[in-house]
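Listed here are the chains, written in short residue letters.
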Amino acid sequence: MKFRPPTRLESLAFISGFVLLTFELVAARVLAPTVGSSTYVWTSVIGVIIAALSLGFYLGGKIADVRKNENDVAWLLLTAAVLVALTTVLYPHVLPSLAATNMDVRLQAVVAAAILFAPTSLALGMISPYLAKLNVTSLKTSGSAIANLSAWDSIGGITGTFLTGFVLFGYMGSRSIFIVLVI
C-alpha cells in the first residue's frame, strides 16, 4: 500500500482529533488544583466530553443534511477556537467559585466539566459529520470515505495525546497549551 498525503478534509479531521484529545488532557489538568485529579475528575471530564461530542455529532449531522458548504467547517473550527479561548479566560474564575461551594467533589467535577469543556467539545463534535458529508461522493465508496476521515481523526487524537502528555506538559502550562489550540 502506497502512502499518500492526507487530503484537505482528512487534514481537518486530523486537526479536529488533535485539538479534542489535547483539550481533554488539559481539561483534567486544569481541574486538578481545585477539584483534584481523582478518578471522579477523569470520569467527569471524559463523560461530559463524550456527551457533548454525541450531541455535536447529532447536530452536525442534522446541519450537514441540509447544507453542503465547505465554509461551514471553517466556521465550526473558528467557533471551537473561540470557545477554547473563552475556557482559558473563564476557568480561573469558575473553578474557585465551585470550590467555595459545599458541593460533593463528584458533582463539582461534573459541573466544572459541563461549564468549561462541553461547549468546545460540542463544536468539535459537529465537525466530523460535516466532513463526512463533504467527503462522500458516492454511496459505493461511502464506507471508505467516512473510515478515512475517522482514521485521520483518531491519528490526530493519538498525536495530540502523546505530544501533550509527553512533550507539551513538560514545556508549557495549561493556559499556554489552550492558546496553542486556539491558534
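The preceding data block contains the structure.
Predicted, not measured: the structure shown is a model, and the values here were computed from it.

Trainee: Explanation requested: a nonpolar patch on the surface in the structure shown.
Mentor: A surface patch of nonpolar side chains, amounting to about 680 Å² of accessible area, comprises Ile-158, Phe-162, Leu-163, Phe-166, Val-167 and Tyr-171. Within the secondary structure layout, Phe-166 lies in helix 6 (residues 142–171).

Trainee: Would you mind showing me how to read the nonpolar core here?
Mentor: One finds Leu-31, Phe-117, Leu-131 and Phe-178 to be the most contacted residues of the largest nonpolar core, which totals 48 residues. Within the residue set of this core, elements represented by two or more residues are helix 1 (8–35), helix 2 (39–66), helix 3 (71–99), helix 4 (105–116), helix 5 (118–135), helix 6 and helix 7 (174–182). If one sorts the elements of this core by residue count, helix 1 sits on top with 12 residues. In this structure Leu-31 touches Gly-36, Val-41, Val-45, Leu-95, Ala-109, Ala-112 and Phe-117, once residues within four positions along its chain are discounted.

Trainee: It is not clear to me how the pattern of salt bridges should be interpreted in this structure. Could you clarify?
Mentor: Oppositely charged side chains are able to pair whenever their charged atoms sit close together. The full count for this structure, using the stated rule, is four salt bridges. A salt bridge links Glu-10 to Arg-4, with the nearest nitrogen and oxygen atoms 2.8 Å apart. Overall, the relative accessible area of 2% leaves Glu-10 in the buried class. Between Arg-67 and Asp-72 there is a salt bridge; the shortest N-O distance is 2.6 Å. Using a relative accessible area of 12% as the deciding quantity, one classes Asp-72 as buried.

Trainee: In this structure, what is going on with the packing of aromatic side chains? I would like to understand it.
Mentor: Two numbers describe a pair of aromatic rings. These are the distance of the centres and the angle of the planes. One pass over the full model with this rule turns up six aromatic pairs. Ring centres of Phe-23 and Phe-178 lie 5.5 Å apart, and the angle between their planes is 40 degrees; this geometry places the pair in the tilted category. Taken together, the positions of Phe-23 in helix 1 and Phe-178 in helix 7 put the pair 155 residues apart, joining distant regions of the chain. For Phe-23, a relative accessible area of 0% puts it in the buried group. With centroids separated by 5.3 Å and ring planes inclined at 35 degrees, the aromatic side chains of Phe-162 and Phe-166 adopt a geometry described as tilted. One end of the pair is Phe-162 and the other is Phe-166, both in helix 6 and four residues apart, which spans about a single turn.

Trainee: I'm lost on the environment of Leu-9 in this one. Help?
Mentor: Inspection of the secondary structure assignment puts Leu-9 in helix 1. Each C-alpha atom, one on Leu-9 and one on Trp-152, is 9.3 Å from the other, the two residues being 143 residues apart in sequence. In contact with Leu-9, other than residues within four places in its own chain, are Leu-131, Leu-134, Asn-135 and Leu-149.

Conventions we followed
Residues numbered from 1 in each chain as written. Predicted model: local features only at pLDDT ≥ 70, side-chain atom pairs only at ≥ 80, totals over all residues. Heavy atoms only, no water. Patch = residues over 30% accessible without salt bridge, like charges linked within 9 Å, V, L, I, M, F, W, Y side chains within 5 Å. Areas by Shrake-Rupley, 256 points an atom, 1.4 Å probe, with all protein chains shown as cover. Salt bridge = Lys/Arg side-chain N within 4 Å of Asp/Glu carboxyl O. Helix = DSSP H or I, 4+ residues; strand = E, 2+ residues; numbered from the N terminus. Core = buried A, V, L, I, M, F, W, Y, C linked by side-chain atoms within 4.5 Å. Buried < 20%, exposed > 50% of the residue type's maximum accessible area, 1.4 Å probe, protein only. Contact = heavy atoms within 4.5 Å. Phe/Tyr/Trp six-rings, centres within 6.5 Å; stacked < 30°, edge-to-face > 60°.

Limitation: the analysis is restricted to geometry and does not speak to function.
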